[in-house]
Amino acid sequence: MSEVGLNPIGHPLAAGYAPPLGLLAAGRVTPSWRPMRAEDLDAVVAVERRAYDHPWTHGIFQDCLTAGYCCWLSYQDAEVAGYGVMSVAVGEAHILNLCVHPQRQGQGLGRWMLGQLLALARRHHAETAFLEVRVSNQAALHLYRSLGFNEIGLRKNYYPAAGHGREDAMMLALELR
């Protein structure tokens, strides 16, 4: 491919570049990262369904694109490896969805993508980033806390859970200044 994109901090990335993620974890490569497009949604939804018991729908992703949210994706070997969706307004960034393909987890991609989203939030003059995470998602909680996010509250019964139950969401925030 000859298309060239920019990551959120302005670094040029050749479309189709696919670094080995083992090198990502070692900090020796930059993953492919570009704005999500409508034609990506089928592949994004396929990853979403593999990663979550209660996935977002095609329509939710389409609504995020239509609303102008910051929707970015990472890919490797011409396949979606992960993506992030964030809204930014009035000095606040809300990370709505951060997902790594289950086969690519544990290799540093989630940390890298979150860093890219936070850099983008700063470029949009956000002062604080917010997100919710399932209280049972210990890997995500560890990641967010390691980057400086702090607990600011709890949303009771926020997420659907297995069967017909509900699960609480921990609300986290990070000052970006």
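Residues numbered from 1 in each chain as written. Predicted model: local features only at pLDDT ≥ 70, side-chain atom pairs only at ≥ 80, totals over all residues. Heavy atoms only, no water.

Enquirer: Would you mind going over the pattern of salt bridges in detail, with residue names and values included?
Expert: With the rule as written, the count across this model stands at eight salt bridges. The partner of arginine 104 in a salt bridge is aspartate 77, with the nearest N and O atoms 4.0 Å apart. Here arginine 104 is found in the loop between β6 (92-100) and α4 (109-123), whereas its partner aspartate 77 is found in the loop between β4 (70-76) and β5 (79-89), with 27 residues between them in sequence. The salt bridge involving arginine 155 is made with glutamate 132; its shortest N-O contact spans 3.3 Å. With arginine 155 in strand β8 (residues 150-160) and glutamate 132 in strand β7 (residues 128-134), this pair connects stretches of sequence that are 23 residues apart. Each member of the salt-bridge network shares a partner with another, and the members are Glu127, Glu175 and Arg177. (Salt bridge = Lys/Arg side-chain N within 4 Å of Asp/Glu carboxyl O. Helix = DSSP H or I, 4+ residues; strand = E, 2+ residues; numbered from the N terminus.)

Enquirer: Give a description of the confidence of the model for the protein that names residues and reports values.
Expert: Keep in mind that low pLDDT regions are not for reading the predicted coordinates in detail. Of all residues in the protein, 83% attain a pLDDT of 70 or more, and the chain-wide mean is 86. Note on residues 1-23: pLDDT is under 50 here. Beyond four places in sequence and across chains, it has 59 contacts. (pLDDT = per-residue confidence, 0-100. Contact = heavy atoms within 4.5 Å.)

Enquirer: Kindly report on the state of the cysteines, identifying the contributing residues and their values.
Expert: For the structure on display, the rule yields zero disulfides. Free cysteine: cysteine 64, not disulfide-bonded; nearest cysteine sulfur from cysteine 71 at 5.3 Å. For cysteine 64, a relative accessible area of 6% translates into the label buried. (Disulfide = S-S within 2.5 Å. Buried < 20%, exposed > 50% of the residue type's maximum accessible area, 1.4 Å probe, protein only.)

Enquirer: Describe the nonpolar core, with residues and values.
Expert: In terms of nonpolar packing, the biggest core is built from 30 residues, with Ile95, Tyr144 and Phe149 touching the most fellow members. Among the elements that line this core, the one with the most residues is α4, at eight residues. Discounting residues that sit within four places of it in the chain, tyrosine 144 has contacts with Leu98, Leu114, Leu131, Val133, Phe149 and Leu172. (Core = buried A, V, L, I, M, F, W, Y, C linked by side-chain atoms within 4.5 Å.)

Enquirer: Could you give me a rundown of the packing of aromatic side chains, with the residues and numbers involved?
Expert: Per the stated rule, a full pass over the model turns up six aromatic pairs. Between the aromatic rings of phenylalanine 61 and tyrosine 83, the centroid separation amounts to 5.6 Å while the plane-to-plane angle is 85°, which identifies the pairing as edge-to-face. With a gap of 22 residues between them, phenylalanine 61 in helix α3 (residues 58-67) and tyrosine 83 in strand β5 connect regions that are remote in the sequence. Of the two residues examined, phenylalanine 61 and tyrosine 83, each falls in the buried class. (Phe/Tyr/Trp six-rings, centres within 6.5 Å; stacked < 30°, edge-to-face > 60°.)

Enquirer: How would you summarise the sheet that holds strand β3 (residues 32-35) if you had to cite specific residues and measurements?
Expert: One open sheet holds the seven strands; their spatial order is β3-β4-β5-β6-β7-β9-β8, and the pairing between them is mixed. A strand with exactly one partner marks an edge of an open sheet, and here the two such strands are β3 and β8. Pairs of neighbouring strands in the sheet enclose a mean axial angle of 25°, with direction left out of account. In the sheet, β8 pairs with strand β9 (residues 166-175) via seven bridges, with the strands oriented antiparallel. Bridge pairing in β9 places glycine 153 opposite methionine 171. Across the face of the sheet, helix α2 (residues 41-51) comes into contact with β4, β5 and β6 while running at roughly 95° to β5. This element, helix α5 (residues 138-146), spans β6, β7, β8 and β9 of the sheet and lies at about 160° to β7. (Pairing = 2+ DSSP bridges. Axes fitted to C-alpha atoms, helices over the stretch in contact; angles between N-to-C directions.)

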